[in-house]
Every structure is written in C-alpha cells, then in structure tokens.
Amino acid sequence: MQLLLTAKSFQLTLKHSFTISRSTRTFQVTVIVSISDGVTTGYGEAIPYPYYNITLEKIEQSVAKSKSIIENAFGMHPNDLWNYLESNLKDDYFTLCALNCAYWDYYAKSQNRTTRSYFCDENKSTPLSDYTIGIDAIDVMKQKILDTPWPIYKIKLGTEYDVEIISELRKITDAVFRIDANCAWTVEETLQNAIQLKTLGVEFIEQPLHAEDWEGMKRLKRYCVLPLIADESCQRFEDVQKCAEGFHGINIKLMKCGGLTPALKMIEKAQALKLKVMAGCMAESTVGISNLAQIAPLLDYLDADGAMLLKNDTAKGVNLDYGKIEYPNEKGSGIMPLD
C-alpha cells in the first residue's frame with residue numbers, strides 16, 4: 001500500500017505579542033504535514049524559526065524530497081523510517097520532526113493504540129505544564145498572570161531589571177516560577193541573580209548563557225545556587241553528554257532534535273547521566289503539543305503551553321487544565337484537524 005504525504009501552511013496569531021531576550025513575535029507561521037493511507041491519517045508540525053535557519057521554503061523543500069520515502073513506508077516501524085529520512089534531512093530537523101511525529105500518529109492509529117503506549121504506561125501520571133509569560137512591561141506581565149491563574153509559570157527574562165520583574169510578579173501569586181533567560185546573561189549576572197531569585201521562589205534557570213559558552217556553564221554548575229536547565233545548548237542527541245558538564249538537566253524540543261524517536265533516546269541518555277529531563281514547545285499549535293504530550297509521562301518537567309498562546313489553532317487534541325494534561329479518547333496522538 002502506498003502512503004500519501006501532504007503539507008499545508010497556516011498563519012497563527014498570538015494572543016499577545018511574545019517577547020524573549022532576542023526577538024518579538026505577534027504571529028507564527030506553521031506547516032502541518034499529514035501521512036495517510038486513505039483511511040487512517042497522522043499529523044505532525046514544523047514551524048519556520050530564523051534562529052535555527054529554518055524557513056518556510058526549506059520546510060516545503062524538505063517535504064518534497066521526503067515524499068518518495070514516505071510513499072514506500074507502509075508497514076515500516078517509525079524508528080526505521082526516521083533513519084531513512086534523517087539521511088536526507090540533516091540540515092532540517094524541524095521537518096524531520098513533523099514527519100516522524102505524523103508517522104508515529106499514523107502508525108499508532110493504524111494499530112488502534114495511543115502513541116504514548118509504545119513508550120510507557122499510558123495511564124502514568126504526567127508533570128504539570130508551566131505557562132509562559134513573555135517579556136513586557138511589569139504591569140502587563142502581572143495582568144497576564146492574573147488573566148491565567150496557573151500552578152507554574154515560566155518567566156522569560158533578559159532585561160536590565162530582571163530581578164525586579166520577579167520581585168513584582170511574586171507579589172500577586174504563590175505559583176512556582178521558572179526562569180528562561182534565552183542566553184541573555186553573563187556568568188556573574190547569573191550567579192548574582194540566582195541568589196535573589198532563589199529567595200523569590202524560583203525553581204530553576206533555563207539557558208542563562210550563550211549556547212556555546214561551555215566553560216561558563218561549567219563554572220555555573222559548580223557555584224550557582226539554583227539548578228540549570230539546557231535549552232539552546234541541547235538541540236540533538238549528541239549534545240546530551242556535553243550538557244552533563246554544565247547543566248543539571250536538559251529541555252528537549254521535538255523540532256530541534258528531530259521528533260519523538262530521537263527524543264526518546266535523549267531521555268534515556270539524560271537519565272543515565274542523572275540529568276533532569278524537561279520537554280518544551282515552540283509557539284506551535286495543538287498538533288505539535290499533542291505529539292509532545294506523548295512523552296510527558298517520561299519527564300520531570302513540562303512546558304506544553306504553545307497552543308494556549310494562540311488566538312487560532314489547527315486542530316483539537318491534548319488540552320491543559322490548570323497545568324494538567326487531558327488526553328482525548330482518540331488513538332494515536334489524539335489529533336483531530338479543524339478543517
């Protein structure tokens with residue numbers, strides 16, 4: 001039987017302008033790929049992301065050059081298909097992720113199973129997801145928290161008044177805070193900020209230094225009073241070992257690592273190295289979030305709020321209720337397209 005690969009792009013509007021240390025966005029273009037045998041269809045997602053040199057054109061080209069492989073993939077295990085696709089997509093793991101997730105979704109649906117049932121007990125509890133607050137005027141950041149009560153907030157920082165931001169936000173909520181500096185701090189800033197942030201109920205700091213500042217991170221791991229989680233420094237499987245030298249944990253993004261197949265290997269490797277494991281998202285729709293949620297039972301921390309930040313969506317699937325994942329009854333990854 002021949003499989004059909006299709007792709008469609010969407011423009012997703014953010015509920016609020018979203019600012020991190022290096023950029024601001026008001027919308028997000030995304031590409032939804034589908035793999036179908038005419039009866040059963042699986043879905044995956046890739047977004048253009050300039051920081052990682054991923055453009056819409058590159059995604060479309062990667063889909064086109066993967067069609068012949070997908071067409072002949074019927075009956076193949078998702079991990080074996082990943083190996084075939086990866087040799088053609090070494091410069092575009094975002095599209096590789098979309099294809100791998102779509103095929104896992106299709107594969108599980110075709111066997112009348114949930115995707116996560118291949119990885120773990122599908123009834124196993126999952127960590128609560130945080131909700132992200134982008135950089136803005138302090139009053140605006142406060143209002144975002146008041147508008148969305150949540151047990152855990154991920155706060156984007158990278159300003160000249162970062163500690164003041166957290167001090168002010170702490171006045172209106174007792175929720176756990178996680179900090180993401182997106183490479184904006186120096187070693188000394190991190191060490192000093194961490195002392196004050198710890199007293200303000202911060203759980204950990206994500207990616208304080210530039211991705212390649214390994215010497216700086218080694219120093220921070222030794223002296224910083226808060227745990228450190230790698231994000232930009234941990235993109236693919238081969239980065240996990242190195243991250244153990246400078247971080248206490250890693251944040252896996254499916255698009256950066258190439259999908260569910262390599263993410264599972266990264267989790268296994270990180271746990272062997274005694275690293276905490278987090279998985280996170282981009283500004284992606286429910287397609288991407290539902291695929292991400294399939295590995296949630298294996299994680300220590302979760303950042304799966306991407307679809308909550310959007311005004312419009314591409315599908316129904318996994319939802320979050322006050323941080324808790326709600327899996328739909330559908331098989332596969334639970335994705336049901338809106339159109």
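Details of the structure are given in the entry above.
Reading the values: the criteria
- Residues numbered from 1 in each chain as written.
- Predicted model: local features only at pLDDT ≥ 70, side-chain atom pairs only at ≥ 80, totals over all residues.
- Heavy atoms only, no water.
- Helix = DSSP H or I, 4+ residues; strand = E, 2+ residues; numbered from the N terminus.
- Rg over C-alpha atoms; globule rule 2.2 N^0.38 Å.
- Buried < 20%, exposed > 50% of the residue type's maximum accessible area, 1.4 Å probe, protein only.
- Contact = heavy atoms within 4.5 Å.
- Areas by Shrake-Rupley, 256 points an atom, 1.4 Å probe, with all protein chains shown as cover.
- Lys, Arg positive; Asp, Glu negative; His and termini not counted.
- Charge placed at Lys NZ, Arg CZ, Asp CG, Glu CD.
- Arc of directions from axis to C-beta.
- Phe/Tyr/Trp six-rings, centres within 6.5 Å; stacked < 30°, edge-to-face > 60°.
- Lys NZ or Arg CZ within 6 Å of the ring centre and 35° of its normal.
- Polar contact = N/O pair within 3.5 Å; in protein donor to acceptor, adjacent residues only side chain to side chain.
- Core = buried A, V, L, I, M, F, W, Y, C linked by side-chain atoms within 4.5 Å.
- Pairing = 2+ DSSP bridges.
- Axes fitted to C-alpha atoms, helices over the stretch in contact; angles between N-to-C directions.

J.: Hey, could you run me through the overall build of the protein chain in this one?
T.: Counting secondary structure elements, the protein chain contains eleven helices and 15 strands. Taken against the 2.2 N^0.38 rule, which gives 20 Å for 339 residues, the C-alpha radius of gyration of the protein chain at 19 Å falls within 12% of a compact globule. Burial analysis of the protein chain (339 residues in total) assigns 60% to the buried set. Here the contacts in the protein chain between residues at least 6 apart in sequence split such that 64% fall between residues at least 24 apart. About 13900 Å² of surface is accessible on the protein chain, with carbon and sulfur atoms providing 48% of the total. Across the protein chain, 36 positive and 44 negative side-chain charges occur, with their mean positions spaced 3 Å apart.

J.: So what exactly am I meant to see when it comes to helix 4 (residues 138-147) here?
T.: Restricting attention to buried positions, one finds in helix 4 the residues Ile-138, Met-141, Lys-142, Lys-144 and Ile-145. Projected onto a plane normal to the axis of helix 4, the buried residues spread over an arc of 155° and lie on a single side. In helix 4, the exposed positions that point more than 90 degrees away from the buried face belong to Asp-139 and Asp-147. Where helix 4 is buried, its residues touch strand 1 (4-20), strand 4 (131-133), strand 5 (152-156) and helix 5 (162-170).

J.: I keep staring at the packing of aromatic side chains and nothing clicks. Help me out?
T.: Pairs of aromatic rings are described using the distance from one ring centre to the other and the angle between the two planes. Here the structure, examined in full by the defined rule, presents 16 aromatic pairs. With a centroid separation of 6.1 Å and an interplanar angle of 35°, the aromatic rings of Tyr-103 and Tyr-107 are classed as tilted. Within this pair, Tyr-103 and its partner Tyr-107 are both found in helix 3 (residues 93-110), separated by four residues, close to a single helical turn. The exposure class of Tyr-107 is buried, given its relative accessible area of 13%. Through successive ring pairs, a cluster of aromatic residues spans Tyr-103, Trp-104, Tyr-106, Tyr-107, Tyr-118 and Phe-119. It is Arg-113 that lies over the ring of Tyr-118; its NZ or CZ is 3.8 Å from the centre. Positioned above the aromatic ring of Phe-177, the side-chain terminus of Arg-170 is 4.0 Å from the ring centre.

J.: Looking at this structure, I do not really get the side chain of Ser-129. What am I missing?
T.: Along the chain, Ser-129 turns up in the loop between helix 3 and strand 4. Engagement of the side chain of Ser-129 in a polar contact is seen with the backbone nitrogen of Ala-304, the distance being 2.9 Å. Ser-129 has contacts with Trp-150, Ile-152, Leu-302, Asp-303, Ala-304, Asp-305, Leu-320 and Gly-323, leaving out every residue within four places of it along the chain.

J.: Please clarify how the nonpolar core should be interpreted in this entry.
T.: Nonpolar side chains in soluble globular proteins tend to end up buried together. By size, the foremost hydrophobic cluster in this structure holds 106 residues, and its most contacted members are Ile-155, Ile-166 and Ile-295. Grouped together as the second largest cluster of nonpolar side chains are five residues, Tyr-43, Val-287, Ala-315 and Ile-335 included.

J.: What's the story with the sheet that holds strand 2 (residues 23-36) in this structure? I'm lost.
T.: Backbone-to-backbone hydrogen bonds join strands into a sheet, with any given pair of strands oriented parallel or antiparallel. Spatially, 1-2-3 is the arrangement adopted by the three strands of the open sheet, whose pairing is antiparallel. At either end of the open sheet lies a strand with only one pairing partner, and these are strand 1 and strand 3 (41-46). The sheet shows a mean angle of 25° between the axes of neighbouring strands, taken without regard to direction. As paired elements, strand 2 and strand 3 share six bridges and run antiparallel to each other. Paired with Ser-34 across the strands is Tyr-43, a residue of strand 3. The sheet strands contacting helix 3 are strand 1, strand 2 and strand 3, and the helix crosses strand 3 at an angle near 160°.

J.: Would you take a moment to explain the sheet that holds strand 8 (residues 228-230) for this structure?
T.: Spatially, the eight strands line up as an open sheet ordered 4-5-6-7-8-9-10-11, and their pairing is parallel. Of all the strands in the sheet, the pair left with one neighbour each is strand 4 and strand 11 (301-302).

J.: I'm lost on helix 5 in this one. Help?
T.: Because an α-helix completes one turn every 3.6 residues, residues spaced three or four positions apart along the sequence face the same direction. Burial analysis of helix 5 places seven of its nine residues in the buried class, the great majority of the element. All of the buried residues in helix 5 are Asp-162, Val-163, Ile-165, Ile-166, Glu-168, Leu-169 and Arg-170. Lining the buried residues of helix 5 we find helix 4, strand 5, strand 6 (176-180), helix 6 (187-199) and strand 7 (202-206).

Everything listed is a geometric property; what it means functionally is a separate question.
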